[in-house]
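# Architecture at a glance
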Amino acid sequence: MRILLVEDEGDLAAAVAEHIRGQGHAVDGVARLDEAGAALAAVDYDLVLLDLQLPDGQGLDLLRRLRRAGDRRPVIILTARDQVRDRIAGLDAGADDYLVKPFDLAELSARLGAVARRYSGDPSPLRRVGAVALDIARHQATLAGERVELTAREWALLEALLRRPGAIVSKAQLEDALYAFGDEVESNAVEAHVSRLRKKLGRDIVVTQRGLGYRLGDEAPA
Ligand code: CA
């Protein structure tokens, strides 16, 4: 996923960004509402992590503005323990979930996965493509029952395709899902990841639509 992190506490922002990157997602971090607004206008983020108290205003104002404009991108708000009223207001304003600081990073991962699945309309964490079974929640892949280890980026690429079953996803969309601003992107990075996924999970896991992009191989019912 491509995630926007809006958080002005530097240490927390750095720890969260590092953790999310470690899970194979691309993260852009901003510390102010105006920067968040500009980033959201420019990039089709899959998910937003939104702190409520920011130097130039309230995160809730940004959330209300997004929802009023019909923007349904999932938002998880980050609140302090004593801000119960903020949490309720956040959910009322259209947040998908909230995390209370200080939160456990494993908890963050679980919430990210849950919100992303709900958003893609697929609450089932187990998906099948041919002889491949993918447990999205646990990041476990098996081929004909044998466990296959995938890198974080390989998972991120698979997830980008799994979120749009049957749809063709362009190379640019996949790069957007895999890399944040300022990341060095090799021109053949997507092809290289697809090729490694095919070596590990079989040729049919990803289908190339020449000139258009890629799609997930045909799914079997889970
Ligand atoms: Ca803050």
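The model shown is predicted, which means the values in this text are computed figures rather than measured ones. (Residues numbered from 1 in each chain as written. Predicted model: local features only at pLDDT ≥ 70, side-chain atom pairs only at ≥ 80, totals over all residues. Heavy atoms only, no water.)

## Some words on the coordination of the calcium ion
- On the protein side, the calcium ion has D8 (OD), D51 (OD) and Q53 (O) as donor atoms, found 2.2 to 2.3 Å from it.
- Within one chain, the residues serving as donors to the calcium ion are arranged as D-x42-D-x1-Q. One end of the pair, D8, is in the loop between β1 (2-6) and α1 (10-22); the other, Q53, is in strand β4 (residues 53-54), and 45 residues separate them in sequence.
- On the accessibility criterion, D8 (33% relative accessible area) is partly exposed. (Donors = N, O, S within 2.8 Å, 3.2 Å for Na, K, Ca; no water. Helix = DSSP H or I, 4+ residues; strand = E, 2+ residues; numbered from the N terminus. Buried < 20%, exposed > 50% of the residue type's maximum accessible area, 1.4 Å probe, protein only.)

## Some words on helix α2 (residues 33-42)
- Turning to α2, its buried residues number three or more, namely L33, A36, A39 and L40. For α2, the buried positions fall inside an angular range of 120° around the axis, keeping them on one side. Exposed residues pointing more than 90 degrees away from the buried face of α2 are listed as A41 and A42.
- As for α2, its buried residues are in contact with β1, β2 (26-30), β3 (47-51), β4, β5 (57-58) and α3 (59-68). (Arc of directions from axis to C-beta. Contact = heavy atoms within 4.5 Å.)

## Observations concerning the sheet that holds β1
- Ordered in space as β2-β1-β3-β6-β7, the five strands form an open sheet in which the pairing is parallel. Each edge of the open sheet is held by one strand with a lone partner, namely β2 and β7 (97-101). The mean inter-strand angle of the sheet, taken between neighbouring strand axes irrespective of direction, is 20°.
- As judged from the four bridges shared by β3 and strand β6 (residues 75-80), these two strands associate in the parallel manner. Note on β6: the bridge partner recorded for D51 is L78.
- Contacting β3 and β6, α3 crosses the sheet at an angle of about 145° to β3.
- Running at roughly 170° to β6, helix α4 (residues 84-92) makes contact with β6 and β7 of the sheet. (Pairing = 2+ DSSP bridges. Axes fitted to C-alpha atoms, helices over the stretch in contact; angles between N-to-C directions.)

Without other data, these values stay purely geometric and don't point to any function.
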